[in-house]
Amino acid sequence: MDYQQKLAEKLTILNDRGNGVLIRMNYIKKICADPKMRPSILTEKALEPAIKYINKKFPNIDFRGNIQNLTSIQRQKAEVLAAATSYYDSFLDVIEFRVMISPLTTQFVILFQAINFDFTKNYLDLITTYTSVIITLSRIDDKKALVGNMKLDPSYPRLGQMFVEYEHPWKKLTEEFGPHTRSVTAALLSLTMVYPRRNLPAEQWRSAQLLSLLSAPAAMLDPACCDTMACEYLSIEVMERWIIMGFLLCHSSLNTNQASQELWKMALRSGLYLVLIRDEVLNIHKVSEDLFDSIKGYNKRVADIKECREHVLLNSGAMHRERRQFLRGAMMELFKVLEDEPGLLGPKALFVFMALSFSRDEVLWLVRHSENMPKIKTSEDYIDNQMAELLFHMEKLRGLMTKYNHVVQRYHVQYLAQFDALVLNDTIQNMYVCPEEESVLMTSLVSTLSALSVKQEEFDFRALRLDWLRLQAYTSVNKAPLPIKEYPDLAKVMNLIQFHTRMVDSVEELLQDTSEVFYPRVFERMFCQSSEEMTMKRYLMAFPLVCSHFSQCGHPLCPEEVKTMEKRSLRLCVTFLEQIAKQTSSVVLDICAEQCNLNDQLQPKHCAEAISAARHRKQKKSVPKKGEVQKEKPGAESLRKDRAVVTNMDKMHLMLTELCSSYSVCSDFVVFNHIVVPTEFLLSHLETRLSEIIVRMANYNQTTEEIARPSDLLAGLRAYTASLYTLSSYINMDITRLVKNVLLQQTQPLDSRGGQTITTIYTNWFLESLLRQASNSFIVHCPTMNCFVNHATDNEPSFRAEEFSDISELRALAALIGPYGLKFLSENLMWHITSQVSELKVQYEIPLICFICTSLGGENVLKRMTIIGVILSFRLMAQECLKDVMSNHCPNLIGPIDCLIDFLSPETDIKVTLSVFEVASAAGFKCDIDPALVAAIDNMSVDEEYKLSCLLLVYVGVSLPTLALDPNSLYSRERGGHNNNIHCLATGINQLAAAMFTVQNKNIEQHLKEFLLLVSSTLLQLGQNVEKMETKNRESIYLLLHMIVQESPFLSQDMLERCFPYVLLRNAYREVYRSFIVTLG
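Residues numbered from 1 in each chain as written. Predicted model: local features only at pLDDT ≥ 70, side-chain atom pairs only at ≥ 80, totals over all residues. Heavy atoms only, no water.

Things to note about the overall build of the chain
Within the chain, the regular secondary structure consists of 47 helices and 8 strands. Radius of gyration (C-alpha) of the chain: 45 Å, far over the 31 Å computed for a compact globule of 1081 residues. Counting over 1081 residues, the chain shows a buried share of 53%. In the chain, of all internal contacts separated by at least 6 residues, the share reaching a separation of at least 24 is 78%. With an accessible surface of roughly 50900 Å², the chain has 53% of that area assigned to carbon and sulfur atoms. One finds the centroid of the 113 positive side-chain charges in the chain at a distance of 5 Å from the centroid of its 125 negative side-chain charges. (Helix = DSSP H or I, 4+ residues; strand = E, 2+ residues; numbered from the N terminus. Rg over C-alpha atoms; globule rule 2.2 N^0.38 Å. Buried < 20%, exposed > 50% of the residue type's maximum accessible area, 1.4 Å probe, protein only. Contact = heavy atoms within 4.5 Å. Areas by Shrake-Rupley, 256 points an atom, 1.4 Å probe, with all protein chains shown as cover. Lys, Arg positive; Asp, Glu negative; His and termini not counted. Charge placed at Lys NZ, Arg CZ, Asp CG, Glu CD.)

See the structure below:
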């Protein structure tokens, strides 16, 4: 008859079912309490009167009557029923679970320690799970509203009755379990040999050298085994839950049995709260006191409860703090030994699971008590700034077991086949009574173990463990033909075998059982506390790693929870990694900033004082003024008189070392099927911060026109980059990719976040500050020095143009923003040029003869053409510097482009020519035809474009003599140009004419020859003028004609001499150079 009851199977199935129902009840409670997730029927305002009515009248609700409060539900009946059905079915699961467990709690004579561990554990788990389900159900405030609409369902009366009965759950539960007091008490009292041994203070753990493999070196290779294998890593939290809930349900034994009372008091002294499910806790002293206050004859027990609570408040926090301190050291030692000798994981696997279980208990105790912290003076006992270290060692041990799982498996397969099978067979042979059913089971166990071989690829011992649970069930009931209590040796051998089989096929499951921690809400606070400690920073990665285990905390009975858990776990994991990355990037960039400052001290611009001091070294040393601080030389920060002196840089490097150590735990991990790579978060933070720093280093102020010199920014950037590369010696990460990504973004107008880049900043500055002033002749283009210089004026200039536009600065600019950035700069320059050309075309609408007669119109045209020339001259300077930079960086690319240009000829198709010129221009080559200018002119083409282009050249040609009237048109030998930038007309006329006639597909050379004839004619007429005012700067204007020919790839000196006497040019050069004073020696 006992065999047919299938008690083992029922216990196994019901425990799993009970866990699912409990998780389901907890999920319903959470979503009903969350305003964002509450069911729609509880949030609609139209249904509020109906919900209030249902809660008031439950369970006797009359939907058939004409009740006004229920009309809103009647109108939306289908929608309401659809929304409430899943919750109603979940509550029905509670009834079914309650019905199924009732027959299983009355049939056992249970002996726990070293006898029928699995059977007893399942039995007590079933009781506590059922109790937790009922308590959690009673805490769902909206349960009546959720099921009140299902009045017509046949199961509604039973469900309504259950809700009413469990309004005060403990009173009803004690009535239910009163008849089971004997079996429950027997099961609980079997813990008297296990629980007190586990619930010891840290001093006794330390004196016993708990978890130490080095305490007995001679026995290091001996397999760790004992009579109570599974009890050694059984959670103390689970045992306390059994004891507290068991004696609350079967409290009569507390007044009759001294052993029960002592065990109960010991559990009450361990803490203030017990876990029902996850973060749902039970205030054990309050619940116990409220229950016993309502029962006569329990005044002494109420006094005991108060005494235990006072003991907890005085001693429990400090005791658990000392335990955590001990476990941190013990787990570090255990991990170091096993990491060095992973072969010890075979015989000493039990130590790993004991360490994980002990640590998990302490973590969860602190978590639930810190979240519900009592009001006491010693609150620091409930705050642990070193929690990260304990979690870290748990993760490392867990990872070690996973990594060397094959070592553990191979060891225990051999142990099972070559030792356990033989011992079990001998034990069975010595049994004097063995019924048929038990004999079949035990023979099957021996044959299964004897047939094991390390050559097998897969192992599955679930059937063997279930057979052992069946055997415990057959031998634990009253009047069993084979009482297991008479064969303790058999129980000890089988408990050992059961542990060994789990080491072969379910290490992951056992790791989850002994190290699962699911408290996302509290972990955020603990992370912040740990991150404040310098010594804890290396362990911070434990927090995001914990999130990778949350996926195993769900249950198939509550699939809706998976998505919520996934979002919450990922959010928490990302939050932790973002915080770690933020701290690390801040330290890294602070070090980079310090190195940049040190590097800046070595820049040539800071050596003026040292040079001045060297020149006057022979002079008598002046006495320093009182209070004057002597300036330290670069490198003085490296001189130390005492090694104990810690500088700010030392502190930052120490912090960086600590933070980077956390990244060495693992390269990646999985959270709900998402692969998480911690270093990518650091790279992302560094990329964002570095982009902001580069822009900030540019120091651009649009109001004051201040900006950092490109060479200074480049030097600072190189210092930052050199410091960043030292990070790769701490962490295995691709710094080159980081630098490339950041610098490539800086070559674009906007970075990946939509922020300004140095390309935009320098483009705006050169256009709005330098070129705008050059357009007004406050800044002059100086061909001799190949830069722009400030024109001498009464006002102090806001910046020195040569400091931003010489070759070194423009090369630095090209190195910073690259070809992409210079292309963006060119596009903006072209926009300004096209706007000037557009203004010129507006003027052409006036009849030409009228326009020529107005000197004002001539000045305006030449002014705009000069502006165009200045812009193009600046662009040519930038292009030349880009070519220099590209030649140094990628000479193998520049060579082929140069060859392509050489292959071009006047007969080449213009489209092919422009394509080659576009490539060449992007690399910094000067092209006969500017492709960017061609594209810009092409986009603004209008009717009669060719006519307007010709008129422009004619008008420029006939207007050139008027420049002689401007006193600023004087040619300056030292600058190699004119003081009003009219020498830039040469570049502007050549480039603009080439672009315009290319767009119109006309012969550029022919039109420029005609232009040369026209200009020569007008300038020769200027020579015939005898008025001194009109011929004052005539020679300077003659030189302008020579510059036009020199700048043009389409005109030659021969062409010039045919239409303009060379003697005039020679005399002009002699005249302008005559006034220049030459100093020798």
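Observations regarding the packing of helix α10 (residues 181-189) against helix α16 (residues 258-268)
Between α10 and α16, the shortest axis-to-axis distance is 10 Å and the interhelical angle comes to 60°. With respect to their mutual orientation, α10 and α16 come out oblique. Handedness of the α10/α16 crossing: left-handed. Here Thr185, Leu188 and Leu189 of α10 come into contact with α16, specifically with Ala259, Ser260 and Leu263. Considered class by class, the residues forming the contact of α10 with α16 number 4 nonpolar, 2 polar and no charged. (Axes fitted to C-alpha atoms, helices over the stretch in contact; angles between N-to-C directions. Parallel < 35°, antiparallel > 145°, perpendicular 65-115°, else oblique. Left-handed = near helix turned anticlockwise from the far one by under 90°. Nonpolar A, V, L, I, M, F, W, Y, C, P; charged D, E, K, R; others polar.)

Some details on the nonpolar core
Counting residues in each nonpolar core, the largest one holds 322 residues, and the members touching the most others are Phe91, Trp170, Phe353, Leu727, Phe788 and Met865. Here the element with the most residues in this core is helix α38 (residues 855-889); it accounts for 15 residues. Those residues in contact with Met865, other than ones at most four positions away along the chain, are Leu840, Leu952, Val956, Leu985, Gly988, Ile989 and Leu992. (Core = buried A, V, L, I, M, F, W, Y, C linked by side-chain atoms within 4.5 Å.)

What to know about the pairing of strand β1 (residues 273-277)
Across the 5 residues that make up β1, a large majority, 5, are buried. As defined by bridge partners, β1 adjoins strand β2 (residues 280-283) across 4 bridges and the pair is classed as antiparallel. Bridge assignment links Leu274 to a residue of β2, and that residue is Leu282. A loop of 2 residues connects β1 with β2, the two strands running antiparallel in sequence, and Arg278 in this loop sits at a positive phi of about 55°. (Pairing = 2+ DSSP bridges.)

Structural notes on the environment of Ala84
Tracing the sequence through the fold places Ala84 in helix α5 (residues 77-101). Discounting chain neighbours no more than four positions away, the residues touching Ala84 are Ile41 and Leu146.

Quick look at helix α40 (residues 910-922)
Compared with an ideal rise of 1.5 Å per residue, which puts 13 residues at 18 Å, α40 spans 18 Å between its outermost C-alpha atoms and is within 8% of the ideal. The set of residues buried in α40 consists of Thr913, Leu914, Val916, Phe917, Ala920 and Ser921. One side of α40 carries all its buried residues, which in axial view fall inside an arc of 165°. Exposed residues on α40 whose side chains face more than 90 degrees from its buried face are Lys911 and Glu918. (Expected span 1.5 Å × (residues − 1). Arc of directions from axis to C-beta.)

A short note on helix α18 (residues 299-340)
Taking 1.5 Å of rise per residue, the 42 residues of α18 would be expected to cover 62 Å, and the 58 Å separating its terminal C-alpha atoms lies within 8% of that figure. Asn315 marks the point of greatest bend in α18, at about 45°. (Bend = angle between axes of the 7 residues up to and from the residue.)

Re the packing of aromatic side chains
In this description, a pair of aromatic rings is defined by centroid distance and the angle of the planes. Applying the stated criterion to the full structure yields 31 aromatic pairs. Measuring from ring centre to ring centre gives 6.3 Å for Phe459 and Phe461, while their planes differ by 15°; the resulting arrangement is stacked. For the pair Phe459 and Phe461, one class covers both residues: buried. Arranged with centres 5.9 Å apart and planes meeting at 85°, the rings of Phe799 and Phe804 form a pair that is edge-to-face. In this pair, the class of Phe799 matches that of Phe804, namely buried. Put simply, the rings of Tyr762, Trp765, Phe766, Phe788, Phe799, Phe804 and Phe874 touch in pairs and so form one group of aromatic residues. The ring centre of Phe163 lies 5.9 Å from the NZ or CZ of Lys143, which sits over that ring. The cationic tip of Lys1002 hangs over the ring face of Tyr946; the distance from NZ or CZ to the ring centre is 4.7 Å. (Phe/Tyr/Trp six-rings, centres within 6.5 Å; stacked < 30°, edge-to-face > 60°. Lys NZ or Arg CZ within 6 Å of the ring centre and 35° of its normal.)

Digging into the pattern of salt bridges
Per the stated rule, a full pass over the model turns up 48 salt bridges. One continuous salt-bridge network, built from bridges that share partners, spans Lys29, Lys30, Arg139, Asp279 and Glu280. (Salt bridge = Lys/Arg side-chain N within 4 Å of Asp/Glu carboxyl O.)

A word on the packing of helix α19 (residues 349-371) against helix α25 (residues 507-515)
Relative orientation of the contacting elements α19 and α25 amounts to 30°, with a least axis distance of 7 Å. By the angle class used here, α19 and α25 are roughly parallel. Of the residues in α25, those in contact with Phe353, Leu356, Ser357 and Arg360 of α19 are Val507, Leu510, Leu511, Asp513, Thr514 and Ser515.

Here's the deal with the state of the cysteines
Under the counting rule described, the total for this entry stands at 0 disulfides. Cys308 supplies the cysteine sulfur nearest to Cys250, a cysteine that is in no disulfide, at a spacing of 19 Å. Of the residues examined, Cys308 reaches a relative accessible area of 0% and is grouped as buried. (Disulfide = S-S within 2.5 Å.)

As for the pairing of strand β5 (residues 779-782)
Where burial is concerned, the two faces of β5 agree: the one with Ile779 and His781 and the one with Val780 and Cys782 are both buried. Bridging between β5 and strand β6 (residues 787-790) involves 4 bridges; their strand directions are antiparallel. Looking at the pairing, Val780 lines up with Val789 of β6. Two successive antiparallel strands, β5 and β6, enclose a turn made up of 4 residues, where Asn786 displays a positive phi of approximately 55°.

Quick word on the side chain of Thr584
Looking at where Thr584 falls in the secondary structure, it is placed in helix α28 (residues 560-601). Here the side chain of Thr584 touches Ile580 through a polar contact of 2.7 Å, landing on its backbone oxygen. In this structure, Thr584 is in contact with Leu656, Leu659, Cys660, Tyr663 and Leu682, ignoring residues within four places of it in sequence. (Polar contact = N/O pair within 3.5 Å; in protein donor to acceptor, adjacent residues only side chain to side chain.)

These results come straight from atomic positions and should not be treated as a statement about function.
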